[in-house]
Amino acid sequence: MADEDRDHSDLSVTRRAFLKGGALATGALSSTLIPTPADAQLPVATESDPRRSVVEMTVNGVAYRKEVPNRTTLLQFLREHLTLTGAKMGCDRAQCGACTVVVNGRNVYSCTTLAVEATGAEVLTIEGLAKGDALHPIQQAFIQHSGFQCGFCTSGQIMTTKAFLDRVPRPTEDEARRAMSGNLCRCAAYKRILESVMTASRLMQA
Amino acid sequence: MHNFAYIRPTTLRDAAAQLGKEHGKVMLLAGGTDLLGEMKDDLRVPEKLVAIRQLRELQGIRPGRGGLRIGAATLLSDIAESAPVREQAPLLAMAAETVGTPQIRNMATIGGNLCQRPRCWYYRNNYPCFKHGGSVCYSVTGENEYHAILEGGPSYIVHPSDTAPALVALGATVRISTGGRERGVPIEKFFVGPRQDPARENILQPNEILTEIEVPSAPAGSKAVYVKEMVREVWDFALCSVAAMVTTSGGIVGDARIVLGGVAPFPYRALKAEAVLKGRRLDEAAAAAAGAAAVDGARPLSKNAYKVPLTQAVVTRALLSLA
Ligand SMILES: Cc1cc2nc3c(=O)[nH]c(=O)nc-3n(C[C@H](O)[C@H](O)[C@H](O)COP(=O)(O)OP(=O)(O)OC[C@H]3O[C@@H](n4cnc5c(N)ncnc54)[C@H](O)[C@@H]3O)c2cc1C
Ligand code: SF4
Ligand code: FES
Ligand code: FES
């Protein structure tokens, strides 16, 4: 990270709290903030430097407010500023899907979304799926079918599955195949990924 | 990626006020699926981005005079799934549905799709060719398997957009705002060929904003199809594509619009193929004749001759599916 990309606000605090086993939500304003619709809230340019902004967004139900350089991608924001490292960087060019997260209900590539653009948004990452120790049905399905080998693409696969099944709860296999087409798997676990998606759909109905 | 100032205006007027006359200094950011990649590769180093993806005035699909009006910042996924678009201009929905991946369509706007830059690898790797203000095209003697077979020279890019051929076939009009004034331009006149200016692909000036696309309803008795051929089944840009709309009455073709993607530096209207069909019954012989006419005048480069029979076959197949 270049120096200007370093978080001058509270990453160190977050990291220390994290190492102590504390909540990841140290940087949160308040976990009860009501999320605002995407276009109601605007990022605020920092007074001293027009190339930095204060961004605010809800990630996994927790509201965050941080000052970042404008060039910070949502993926960098999640990984480096919030230490939510579930979303992975593969290509950094909107091509592989490893960085997929759900923004306002849609699966998007966080490597090619600016953090400032997500100001006001509700973001869901792989860290937000399980309820305590209870895995989300999609996570259960991926484990049941071994819908992965190395696992690098898996958080992205699961977040695409989440956005997809929320919109199309009972897909056909062909619909599922198309819905998953933006998530590449270098290990080519495609057959098992597809089985996982179809099983997840059934588990979510139950 | 170099850092930049960022502003997200809430009105079109405020957005327009940010723009200047100089190329590449202050740039519009829509979905960012193209621009951010270019910035990461240092193809563009803007000082300021004006974010318009969430600008209310540029959103949505509304009924318009004899068709639909689509805001330039409307997402491709919303267009592909829109009931009015599927009903009145199914060709556009079909084309939008083939763009990239679900994630790309959830991020990319239709305005950005029309204004995206070419995918030529020399351009993307910052070779000082015509597109970067130079005076040479590296594809001519280099790796040109994905380049133009029609209307190429001095640059041989192919226009990458899938929605563009569909909108040309539908006879759409784009609305452009300069300062406070708006004008409508037939979409065929929006695109610029390399002989006119090899450095760009459309008429937009740095201080102009594409605000809306007016899409006339497909005529009564018309059938349309978008067929896209790729190296793989999904995820990729077109090796070649065709947007075909045929209007028949009493079994005879009254009007045909055949527009090719992926083979020319702009969406290419295959006028000769259209002429072949008019007044005829759309049968196997007519479709084959139109397929041949579509690639009439093709001048492939050293490694892309395969595109000629491919395009011919895709046009023939598309037309037969409408018979
Ligand atoms: C992996 C991958 C696969 C792809 N596959 C396909 C494909 O199969 N078919 C296809 O058609 N495309 C494909 N694309 C390209 C993609 O569709 C475009 O990048 C996208 O449509 C651009 O829209 P955007 O809103 O993200 O634009 P941005 O990236 O934000 O902007 C692109 C350009 O347009 C300008 N611009 C944007 N909106 C306006 C406006 N309203 N007025 C004036 N200028 C404007 C910007 O300044 C910028 O120069 C693919 C891209 C990727 C990364
Ligand atoms: S085809 Fe166009 S973009 Fe590619 S090298 Fe030639 S001039 Fe440059
Ligand atoms: S890292 Fe974002 S798509 Fe590959
Ligand atoms: S499991 Fe290894 S990349 Fe998909």
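Since we're looking at a predicted model, the values are computed, not measured.

Student: Would you take a moment to explain the overall build of chain B for this structure?
Tutor: Looking only at helices and strands, chain B features 13 helices and 12 strands. Over its C-alpha atoms chain B spans a radius of gyration of 19 Å, differing by no more than 12% from the 20 Å that the globule rule assigns to 323 residues. For chain B, the proportion of its 323 residues judged to be buried stands at 56%. With an accessible surface of roughly 12,600 Å², chain B has 52% of that area assigned to carbon and sulfur atoms. Counting 37 positive and 31 negative side-chain charges, chain B places the centres of these two groups 3 Å from one another.

Student: What exactly am I supposed to notice about the sheet that holds strand E10 (residues 240-249) of chain B here?
Tutor: Whether parallel or antiparallel, the strands of a sheet pair through hydrogen bonds between backbone atoms. Residue and element names in this part refer to chain B. Strand order across the open sheet formed by four strands is E9-E10-E11-E12, with antiparallel pairing between neighbours. Of all strands in the sheet, those with a lone pairing partner are strand E9 (222-229) and strand E12 (268-269), marking the two edges. With nine bridges connecting them, E10 and strand E11 (residues 252-261) associate as antiparallel partners. Bridge assignment links Ser 249 to a residue of E11, and that residue is Ile 252. Where helix H5 (residues 90-97) meets the sheet, it contacts E9 and E10, and its direction lies at approximately 15° from that of E9.

Student: Is there a simple way to explain the site of ligand 1 in this structure?
Tutor: What surrounds ligand 1 is a group of 35 residues, the closest being Leu 28, Gly 32, Thr 33, Thr 109 and Asp 162 of chain B. Nearby residues around ligand 1 are contributed by chains A and B. Contacts to ligand 1 include Ala 30 of chain B, whose backbone N or O atom sits 2.8 Å from an oxygen atom. Thr 33 of chain B has a polar side-chain atom sitting 2.6 Å from an oxygen atom of ligand 1.

Student: I keep staring at the nonpolar core and nothing clicks. Help me out?
Tutor: Grouped burial of nonpolar side chains is what soluble globular proteins tend to show. Grouped together as the largest cluster of nonpolar side chains are 77 residues, with contacts concentrated most on Met 57 of chain A together with Leu 92, Leu 114, Leu 167, Val 174, Ile 187 and Phe 190 of chain B. The leading source of residues in this core is helix H9 (residues 163-170) of chain B, at six residues. Counting residues in each nonpolar core, the second largest holds 31 residues, with Leu 150, Leu 260, Ala 286 and Val 308 of chain B among its members.

Student: Help me understand the domain arrangement of chain A, please; the structure alone is not making it clear to me.
Tutor: Quoted interface sizes are often the accessible area lost when the parts come together. All names here are of chain A. Annotation of chain A at the domain level lists domain 1 (52-128) and domain 2 (129-206). One C-alpha centre belongs to domain 1, the other to domain 2; they are set 21 Å apart. Of the residues lining the interface, 21 residues belong to domain 1; the matching set on domain 2 comes to 14 residues. Between domain 1 and domain 2, a total of about 1,300 Å² is buried, with carbon and sulfur atoms accounting for 58% of that surface. Summed over the shared surface of domain 1 and domain 2, the result is zero salt bridges.

Rules of the game
Residues numbered from 1 in each chain as written. Chains lettered and ligands numbered in written order. Predicted model: local features only at pLDDT ≥ 70, side-chain atom pairs only at ≥ 80, totals over all residues. Heavy atoms only, no water. Helix = DSSP H or I, 4+ residues; strand = E, 2+ residues; numbered from the N terminus. Rg over C-alpha atoms; globule rule 2.2 N^0.38 Å. Buried < 20%, exposed > 50% of the residue type's maximum accessible area, 1.4 Å probe, protein only. Areas by Shrake-Rupley, 256 points an atom, 1.4 Å probe, with all protein chains shown as cover. Lys, Arg positive; Asp, Glu negative; His and termini not counted. Charge placed at Lys NZ, Arg CZ, Asp CG, Glu CD. Pairing = 2+ DSSP bridges. Contact = heavy atoms within 4.5 Å. Axes fitted to C-alpha atoms, helices over the stretch in contact; angles between N-to-C directions. Near = heavy atom within 4 Å. Polar contact = N/O pair within 3.5 Å; in protein donor to acceptor, adjacent residues only side chain to side chain. Core = buried A, V, L, I, M, F, W, Y, C linked by side-chain atoms within 4.5 Å. Domains from an automatic or database assignment. Buried area = accessible area lost by both parts, 1.4 Å probe. Salt bridge = Lys/Arg side-chain N within 4 Å of Asp/Glu carboxyl O.

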